[in-house]
Amino acid sequence: MRNTYLQYHITALIIVFLIVATSFFVSTLFADKRIQEIRSMEDKISMDILSAETQFALLEMAACEHLGDTFLSQELRVLAQRLSFMEQSLGVENPEVVNLKKYYSLLQIKDYLLMRQAQEKCDTKPLSILYFYSNEGDCRDCIRQGHVLSQFGELHEEARVYAFDYHLSFPALQTLIALHEIEPNLPALLIGDQVLYGYLATEDLYKIFPDLLKKEELEKETEEALKQDSEQPTDAF
Amino acid sequence: MNTQSLEPLSIGILIILSIALYYQVFLLLVFLGRKPSPLTQKLSSASLPSVTIVIPCYNEESTIANCIASVLALTYPQEKLNIVVVDDGSQDGSIEALRNSTHQERVLVIQKENGGKYTALNIAIPNITTDIVGTLDADSFVHPEALIRMVEKFADPRVMAVTPALKIHNTKGFFGRLQQTEYTLAIFIRNVLASLDAIHVTPGPFSLFRKEVFNKIGLYKKAHDAEDLEFALRMQLHHMKIANAHNAYVYTVSPATIVSLFRQRLRWTLGFLHNMIDYLPSLFRLKYGNLGMFVLPSSLLALGASVLMIWHLGRGVVSIVDQQLLKFSAVGASLPSLSLPSSELFFYINTSPMIFLVLTAMALTVALILIGKNLSGNEPLRMGILYFLFLYGFIALTWYLSAAVRTLFMRKTIHWK
């Protein structure tokens, strides 16, 4: 019988077990830290929304210009990116991720309701888009729609894009879906009180929001004019 | 605590990574824990055994003269060293090169019809009467001290064969540096495998055998163009000890292009796989020790794992391309945003257990290469380590996958010449 170096095999087994266990432990620590960051971000947004609601109540009699930048689209966008990353790294069915997503959906709904109230009070046109998607792998158009809306939201901060996982089991979200009678024919967009089904390209969105297109064109023209001005030689004194 | 949800493929890759780590840690432990062999000793000139070195040659006109010159330059008593060159029906100028080489009176040349490397060796070996038989590839060159350092290992009467430390001759360029690092790692591995009695190749570039080995287990066999592997396996099955002299350097000409490298490695891999099929009964047998229980199964697993890895990688690449095409169809071409502040970037760093295991395996690989470098005489590896760590796996996958497909569906071999 040859020497099998059994003691070395056992030691190697223990060392590898420790390495694997440490990898999982460290990885979990990082994941927990991320979840804590998201949770504190959600808490901050929640506080801000509460503050906005209070401010709204206090200023109910005040002029519309005071209601300018109370809402939280930028923070919600960062939060959405982080949640999307967590979904990819921990999995869409991870209970922590699902809970964070529910809370995020609730915050979006509250922000949306505040927006609606402000629009009614100030008689402005709705610039909010409620986007319902599925990430169960059955909706390739949802992926494309997500890219279009992300780009649209980045270009026009005044347009609020709220994204909801249609299949997320959450009473507030399901009420919103039932209220607007949104069918599982995804992607679906709720703009004002109108529900639109299927993929909408950027051009289609500009047809719905022509003012944003005009604004963008105006900005482009101004930019080009400024560029031309800067390229013209200046007179020497 | 959060647990990551792992799909079956990820679990498979996690297991493979753990086994790879286990292999590395085990080799490292054996290396650190072994005692130096007390039987390796300097031999006096009178006590040195007589040696015959057989050089099979087929179309090696560019290297044969230098190969013979390196043998003639060996530090070894002239009267105890015989050289036999067997020309295996070369069609180039090998014979002329042999005739023009200096000291041709010391070299016995045998010419025969082409029949493959093993036939060339087998025609010479039965007539050898020296204590030791050496086999040397015609495209390899030996260090002047290589023979004497290897012969010293025969002071241990249990040692039946000795393998050297293989180095590559041309270390320039991408493939040169890549292979230099690979060979440096192999020097470490072969050295530890010798301690485990688990060397399963007596390398063609240069190996020494006691003459009695051939008397006991026979000559070389046709073995899927991997006769040196089959012969070593046969020796191991007969419980014949194969030692390693890590300070006996032999330089071999390595492939300089991806095509020639692919062909060489495909031949090696196919040779390994087909011989494994032939020697299947020796696997997982306790009487064959670490060779049967650990080394050969691990090597087979490494091949199987490569197929799984390529599937995983391929799936990842297809998914990325698909996502980018979808994005392109939606919003056109756009570069990924790099405008995140550093605190945000930290959030998006991949910290999955897989990443930590890969990093640990890479760190261990570097450690083993550095030990091999120390064993082999501290030649600078420069960028070779980086090439090896980040690119070798992907390049090796091509011949692993090709060999697996050929073995499973075609059982085709690639001939050595």
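In this report, the structure presented in the accompanying data block is examined. (Residues numbered from 1 in each chain as written. Chains lettered and ligands numbered in written order. Predicted model: local features only at pLDDT ≥ 70, side-chain atom pairs only at ≥ 80, totals over all residues. Heavy atoms only, no water.)

With that settled, the discussion passes to the overall build of chain B. What chain B contains, in helices and strands, is 13 helices and eight strands. For chain B, the share of sequence-separated contacts (at least 6 apart) that also reach a separation of at least 24 residues comes to 82%. Put simply, chain B shows about 18800 Å² of open surface, and 63% of that area lies on carbon and sulfur atoms. (Helix = DSSP H or I, 4+ residues; strand = E, 2+ residues; numbered from the N terminus. Contact = heavy atoms within 4.5 Å. Areas by Shrake-Rupley, 256 points an atom, 1.4 Å probe, with all protein chains shown as cover.)

A few words now on a negative patch on the surface. All names here are of chain A. Residues Glu217, Glu219, Glu221, Glu223 and Glu224 make up a contiguous surface patch of negative charge. Position of Glu219 relative to the elements: it lies in helix H7 (residues 210-231). Taking relative accessible area as the criterion, Glu219 reaches 45% and is therefore assigned partly exposed. (Patch = residues over 30% accessible without salt bridge, like charges linked within 9 Å, V, L, I, M, F, W, Y side chains within 5 Å. Salt bridge = Lys/Arg side-chain N within 4 Å of Asp/Glu carboxyl O. Lys, Arg positive; Asp, Glu negative; His and termini not counted. Charge placed at Lys NZ, Arg CZ, Asp CG, Glu CD. Buried < 20%, exposed > 50% of the residue type's maximum accessible area, 1.4 Å probe, protein only.)

In the segment running from A:Leu186 into A:Pro187, the intervening peptide bond is cis, with an omega of 5°. As for its position among the elements, A:Pro187 is in the loop between helix H5 (171-179) and strand E3 (188-191). Unusually for a residue other than glycine, B:Asp225 sits at a positive phi of about 60°. For B:Asp225, the location among the structural elements is in the loop between helix H7 (211-217) and helix H8 (227-237). One non-glycine residue with positive phi stands out, namely B:Phe284, at about 55°. Considering the arrangement of structural elements, one finds B:Phe284 in the loop between helix H9 (258-278) and helix H10 (289-331). Looking at B:Phe284, the relative accessible area reads 57%, which means it is exposed.

A surface patch of nonpolar side chains, amounting to about 530 Å² of accessible area, comprises A:Leu6, A:Ile10, A:Ile14, A:Phe17 and A:Leu18. Of note, A:Leu6 is situated in helix H1 (residues 6-58).

Take the sheet that holds strand E5 (residues 140-142) of chain B next. Residue and element names in this part refer to chain B. Spatial strand order, E3-E2-E1-E4-E7-E6-E8-E5: eight strands in an open sheet with mixed pairing. Each having just a single partner strand, strand E3 (107-112) and E5 make up the two edges of the open sheet. Across this sheet, the average inter-strand angle for adjacent strands is 30°, counted without regard to direction. Both strand E1 (residues 51-57) and strand E2 (residues 81-88) contribute to a ladder of seven bridges, which runs parallel. Looking at E2, one finds that Pro56 is bridged to Val86. (Pairing = 2+ DSSP bridges. Axes fitted to C-alpha atoms, helices over the stretch in contact; angles between N-to-C directions.)

This brings us to the interface of chain B and chain A. With 45 residues of chain B at the interface, the matching set in chain A holds 46 residues. Here chain B packs against chain A, burying approximately 4100 Å² in sum over the two surfaces, 62% of which is carbon and sulfur. Across the chain B-chain A interface, the total number found is one salt bridge. Here chain B and chain A share nine residue pairs in polar contact (both at pLDDT 80 or more) between them. Looking at the side of chain B that touches chain A, the elements with two or more residues in it are helix H1 (8-33), H10, helix H11 (342-347) and helix H12 (353-375) of chain B. By residue number, the principal contributor to the side of chain B that touches chain A is H10(B), which donates 10 residues. Of the residues that constitute the side of chain B that touches chain A, the class distribution is 23 nonpolar, 16 polar and six charged. (Buried area = accessible area lost by both parts, 1.4 Å probe. Polar contact = N/O pair within 3.5 Å; in protein donor to acceptor, adjacent residues only side chain to side chain. Nonpolar A, V, L, I, M, F, W, Y, C, P; charged D, E, K, R; others polar.)

Applying the stated criterion across every chain yields a total of 21 aromatic pairs over all chains. Over the ring of A:Tyr199 we find A:Arg144; its NZ or CZ atom is 4.0 Å from the centre of that ring. Taking NZ or CZ as reference, B:Lys167 lies 3.9 Å from the ring centre of B:Tyr249, over its face. (Phe/Tyr/Trp six-rings, centres within 6.5 Å; stacked < 30°, edge-to-face > 60°. Lys NZ or Arg CZ within 6 Å of the ring centre and 35° of its normal.)

Within the secondary structure, B:Leu386 sits in helix H13 (residues 384-410). Along the backbone, B:Leu386 and B:Arg177 are 209 residues apart, and their C-alpha atoms lie at a distance of 9.7 Å.

On to the nonpolar core, then. Generally speaking, a soluble globular protein has its nonpolar side chains buried in company with each other. B:Phe26, B:Leu27, B:Leu193, B:Leu196, B:Tyr220, B:Phe231 and B:Met235 are the most contacted members of the largest nonpolar core, which has 86 residues in total. Looking at this core, the element that brings in the most residues is H1(B), giving 13 residues. Among all residues touching B:Leu193, those that are not within four sequence positions of it are B:Tyr23, B:Leu27, B:Ala198, B:Ile199, B:His200 and B:Val295. Core analysis: the next-biggest nonpolar cluster, separate from the first, contains 55 residues, A:Ile35, A:Leu107, A:Cys139 and A:Tyr206 among them. (Core = buried A, V, L, I, M, F, W, Y, C linked by side-chain atoms within 4.5 Å.)

As a further point, take the pairing of E1(B). Residue and element names in this part refer to chain B. Counting buried positions along E1 yields seven of seven residues, so the element is predominantly enclosed. Alternating positions in E1 separate into two faces, Val51, Ile53, Ile55 and Cys57 on one and Thr52, Val54 and Pro56 on the other, with burial throughout. Viewed along the sheet, the connection from E1 through helix H2 (residues 64-72) into E2 turns out right-handed. (Right-handed = clockwise from strand over helix to strand, strands pointing away.)

This paragraph deals with the side chain of A:Gln145. By the secondary structure assignment, A:Gln145 is in helix H4 (residues 140-155). Given a relative accessible area of 0%, A:Gln145 falls into the buried group.

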